[in-house]
Amino acid sequence: MAMLLGRKVGVTQVYAESGEMLPVTVIQAGPCVVTQVKTTQTDGYNAVQLGFDDVKACRRKKPQIGSAKKANTTPKRFVREMRLADDAKCEYKPGDSITVGVFADDKLVDVIGTSKGKGYAGVMKRHGFGGFPASHGTERKHRSSGSIASFATDRGHSGKLKKGKKMAGHMGNCRVTGKNHELVAIDQDKNIVVVKGTVPGPSGGYCIVRTAKKT
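Values in this document were obtained by computation on a predicted structure and should not be read as measured data.

**Student:** I tried to follow a positive patch on the surface on my own but got confused; where do I start?
**Tutor:** The grouping of Arg 80, Arg 175, Lys 179, Lys 213 and Lys 214 at the surface amounts to a positive patch. For Lys 214, the location among the structural elements is in the segment after β12 (206–211). On the accessibility criterion, Lys 214 (61% relative accessible area) is exposed.

**Student:** Please clarify how the pairing of strand β7 (residues 108–114) should be interpreted in this entry.
**Tutor:** Regular strands show a simple pattern: their side chains alternate between the two faces of the sheet. Here β7 lies mainly inside the structure; 5 of its 7 residues are buried. As judged from the 6 bridges shared by β7 and strand β10 (residues 175–187), these two strands associate in the antiparallel manner. Bridging from a neighbouring strand, Val 109 pairs with His 181 of β10.

**Student:** Would you explain the pairing of β10 in this entry?
**Tutor:** With 4 bridges connecting them, β10 and strand β11 (residues 192–196) associate as antiparallel partners. Its bridge partner lying in β11, Ile 186 is registered against Val 193. Taking the residues that link successive antiparallel strands as the turn, the β10-β11 hairpin has 4 residues, and the phi of Asn 191 there is positive, at about 55°.

**Student:** Teacher, can you tell me more about the sheet that holds strand β4 (residues 47–54) here?
**Tutor:** By way of backbone hydrogen bonds, the strands of a sheet pair with one another, either parallel or antiparallel. Pairing within the open sheet is antiparallel, and its 4 strands lie in the order β5-β4-β3-β6. Among the strands making up the open sheet, the edge pair consists of β5 (76–83) and β6 (97–98). In terms of strand pairing, strand β3 (residues 32–38) meets β6 through 2 bridges, oriented antiparallel. Looking across to β6, one finds that Val 33 is bridged to Ser 97.

Each value, and the rule that gives it
- Counting from 1, residues in each chain are numbered in the order their sequence is written.
- Under the rules for a predicted model, residues below a pLDDT of 70 receive no local features and side-chain atom pairs below 80 are neither given nor counted, while totals for whole chains, interfaces and linings still include all residues.
- Side-chain descriptors were evaluated using all non-hydrogen atoms of the structure, hydrogens and water having been removed beforehand.
- In this scheme, patches are assembled from residues that exceed 30% relative accessible area and form no salt bridge. Like charges are connected within 9 Å, while nonpolar side chains (Val, Leu, Ile, Met, Phe, Trp, Tyr) are connected within 5 Å.
- Areas reported here follow the Shrake-Rupley algorithm with a probe of radius 1.4 Å; residue values treat only the protein chains shown as occluding.
- Any Lys or Arg side-chain nitrogen located within 4 Å of an Asp or Glu carboxyl oxygen qualifies as a salt bridge.
- Counted as positive: Lys and Arg. Counted as negative: Asp and Glu. His and the chain ends are not counted at all.
- Here the site of a charge means atom NZ of a Lys, CZ of an Arg, CG of an Asp or CD of a Glu.
- Each helix corresponds to a stretch of at least 4 residues labelled H or I by DSSP, and each strand to a stretch of at least 2 residues labelled E; elements are numbered beginning at the N terminus.
- Only protein chains enter the area calculation, which uses a 1.4 Å probe; residues under 20% of their type maximum are buried, those over 50% are exposed, and those in between are partly exposed.
- Any two strands with at least two DSSP-identified bridges between them are counted as paired.

The values are spatial; any link to function lies outside them.
Here you go:
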């Protein structure tokens with residue numbers, strides 16, 4: 001399974017060979033530098049650590065600068081790991097560069113990004129609650145969540161608030177995985193990947209592009 005780190009450039013439209021107009025997202029994927037290779041002997045598990053987007057050394061801490069120096073590269077702003085199977089043999093070594101060519105044989109990819117943060121939101125906006133009736137005695141409680149805990153509704157399990165209860169809170173700004181995006185085009189000269197559909201996060205936000213796990 002291939003994986004690359006990248007940045008969402010934006011959304012546009014392209015024409016398919018059939019003449020159909022497709023909404024697509026343009027992603028600058030790589031080139032990524034292998035900053036570290038982890039093995040079961042040294043770290044307890046197999047993984048490849050990738051870095052993307054150069055950053056000034058003064059904006060990183062000494063351990064991060066030293067880790068990049070071991071791989072003969074500069075500190076990176078966006079660093080993530082790709083976990084490998086315990087019996088897998090890694091074909092990369094620190095300092096290697098990985099480009100969009102790794103997706104040459106793939107037709108579907110998963111894109112992982114951080115959704116746009118929308119601040120604090122109530123239950124109607126965050127979870128789609130219907131709210132209280134507009135009449136029949138409701139007074140200044142139309143957008144309330146209603147009862148959140150009761151002995152009567154869950155007899156024998158105490159009256160405490162249940163884990164996972166839908167309530168008001170921080171909306172957005174969470175990890176979202178868009179699955180099975182059709183790979184429309186690859187530009188190896190410009191390190192561009194074009195995928196069908198929308199990708200989580202704003203333009204300019206970092207994302208992870210990987211071979212689709214479930215097709």
